[in-house]
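Reading the structure
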Amino acid sequence: MLEVLQLFAQVLALASSTLLILGLIRPVLVLWFLDRFNRLKVIQVYGVATLLFLGLSILFWVIK
C-alpha cells in the first residue's frame, strides 16, 4: 500500500513540475482559473505543489 502512495506522489510531482515548466513559458495555459497570469504566481502554485509531492515521495521512501 505504501508503494502505491509513493508512486502516486511521484506521478503528481512529475505532473506539477511539468506544469511549472510550461507555466514559466506561458502562464496563461496553467493559471486559467485565476484572474492574474504571472510567472511568480506559477512558481507559488506549482512550485509549492512540486516540493510538497517530492517531500511526500521521499517520506514514503524512507518509511518503506
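Reading the values: rules and limits
- Residues numbered from 1 in each chain as written.
- Predicted model: local features only at pLDDT ≥ 70, side-chain atom pairs only at ≥ 80, totals over all residues.
- Heavy atoms only, no water.
- Helix = DSSP H or I, 4+ residues; strand = E, 2+ residues; numbered from the N terminus.
- Rg over C-alpha atoms; globule rule 2.2 N^0.38 Å.
- Buried < 20%, exposed > 50% of the residue type's maximum accessible area, 1.4 Å probe, protein only.
- Contact = heavy atoms within 4.5 Å.
- Areas by Shrake-Rupley, 256 points an atom, 1.4 Å probe, with all protein chains shown as cover.

Observations concerning the overall build of the protein
Check the secondary structure of the protein and you find three helices and zero strands. Computed over C-alpha atoms, the radius of gyration of the protein comes to 13 Å, more than 25% over the 11 Å expected from 2.2 N^0.38 for 64 residues, which places it beyond the range of a compact globule. In terms of principal-axis extent, the alpha carbons of the protein reach across some 40 × 15 × 15 Å. Within the protein, buried positions represent 25% of all 64 residues. Expressed as a percentage of contacts within the protein between residues at least 6 apart in sequence, the contacts between residues at least 24 apart total 48%. Total accessible area on the protein stands at roughly 4,800 Å², and carbon and sulfur atoms take up 76% of it.

Structural measurements only, silent on function.
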